[in-house]
Amino acid sequence: MATGLTLKELSKKEMLLTAGHRMCAGCGAPIVVKMVLLASEYPLIAANATGCLEVSTCISEYTAWKIPWIHNAFENAAATISGVETMYRSLKKQGKIDKEIKFIAFGGDGGTYDIGLQSLSGAMERGHDMLYVCYDNGAYMNTGIQRSSATPFGADTTTCPAGDVIQGKPQQRKDMTRIMAAHGIPYVAQASPSHWMDLMKKVRKALDIKGPKFMNIISPCNRGWRSRTDDAIMLSKLAVETCYWPLYEIENGVTKVTFKPKEKKPLKDFIKPQGRFKHLFSPENEGMLKTFQEMIDREWEALLKASGAE
């Protein structure tokens, strides 16, 4: 077990995102953020794109953050933190600061996959020493559960509702993790709060690597997923065990699967507890469920092949 990552050692560390933050009961996002912040052995400065996390953790003069934190527009968290990192390097060069500080941007899938993709891509290409963390809940949850390019195939949202015309989102979700890897950056990873040790090891590794890093972390939303308020960790675990959300990392171009289920569960185990997929279990939609499973199977086989773990 990595030094400092035992439950006993972690329990002694200060929680850098406090209680009383007003996120929905059972939301995956604050769980993800707490794990990321707890994993760090460095002082941190964070930027936060507009979204559920931002509007609920800093209201007027009240904040749940115990680190320097900047609220950004939906589209520019990566640009903002890259500017702060550049200022830090200048101050360090001038001898005005000697502390080793790390920089993290947090964004939901709307502010990462869609609205913020341009500034994120630019920050990665410029090579800033920063970690971008996407908490992926699969839709624009903060503004009414509209579909995003992270919304999975077949999901029922307010802008692609399951009804007489369509049966949920007709498109496959964007593979943002591999899009980031295509930038040639030194470290990219996918993680889940259900596998906390894997997640926190990846955060530590990312923060120790110089240059731009990206982590995509699944973040269940019971409002948008129409699931129980106590199901976030269970659903995160099922996402991993069905290979809907495989755990892997790409370090300097080398792909490594960091968790391989002993027995790959069928996709229906993950989607059945979620009301957004209820319509897929109707007899007339059996074909869609089959198509969805085939998508996941192809992606998992391609990942195993890329990692040499077939």
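Here the structure is a predicted model, which is why all the values come from computation and not from measurement.

Here we take up the side chain of Asn48. Secondary-structure assignment places Asn48 in strand 1 (residues 44–49). For Asn48, a relative accessible area of 0% translates into the label buried. A distance of 3.3 Å separates a polar atom in the side chain of Asn48 from a polar atom in the side chain of Trp69. What Asn48 contacts, discounting residues up to four positions off in sequence, is Leu53, Glu54, Thr57, Trp65, Trp69, Ile70, His71, Asn72, Ala77 and Phe106.

Our next topic: empty space enclosed by the protein. This structure, assessed with the given rule, holds two cavities of 30 Å³ or more. Put simply, the largest cavity is a space of about 120 Å³. In this structure, the largest cavity is lined by 15 residues; those nearest its centre are Gly51, Cys52, Phe74, Ala139 and Met141. Broken down by class, the residue content of the lining of the largest cavity amounts to six nonpolar, eight polar and one charged. Space inside the second largest cavity adds up to approximately 50 Å³. Taken together, Asp136, Asn137, Gly138, Ala150, Pro152, Arg173, Ile218, Trp225, Tyr244, Trp245 and Arg276 make up the full set of residues lining the second largest cavity. When the residues that make up the lining of the second largest cavity are grouped by side-chain class, the tally is six nonpolar, two polar and three charged.

A few words on the pattern of salt bridges. Any two side chains of opposite charge can pair, on the condition that their charged atoms come close. Considering all chains together, one arrives at 20 salt bridges under this definition. Across the salt bridge formed by Lys210 and Asp129, the nearest N and O atoms sit 3.7 Å from each other. Taken together, the positions of Lys210 in the loop between helix 8 (196–208) and strand 8 (212–218) and Asp129 in the loop between helix 6 (117–126) and strand 6 (130–136) put the pair 81 residues apart, joining distant regions of the chain. The exposure class of Lys210 is exposed, given its relative accessible area of 55%. Measuring nitrogen to oxygen at the nearest pair gives 3.0 Å for the salt bridge that ties Lys265 to Glu241.

Reading guide: rules and limits
Residues numbered from 1 in each chain as written. Predicted model: local features only at pLDDT ≥ 70, side-chain atom pairs only at ≥ 80, totals over all residues. Heavy atoms only, no water. Helix = DSSP H or I, 4+ residues; strand = E, 2+ residues; numbered from the N terminus. Buried < 20%, exposed > 50% of the residue type's maximum accessible area, 1.4 Å probe, protein only. Polar contact = N/O pair within 3.5 Å; in protein donor to acceptor, adjacent residues only side chain to side chain. Contact = heavy atoms within 4.5 Å. 1 Å grid on protein atoms, 1.4 Å probe; cavity = no way out; pocket = protein on both sides within 12 Å on 5 of 7 lines; lining within 4 Å. Points joined across faces, edges and corners; volume = space filled by probe spheres on them. Nonpolar A, V, L, I, M, F, W, Y, C, P; charged D, E, K, R; others polar. Salt bridge = Lys/Arg side-chain N within 4 Å of Asp/Glu carboxyl O.

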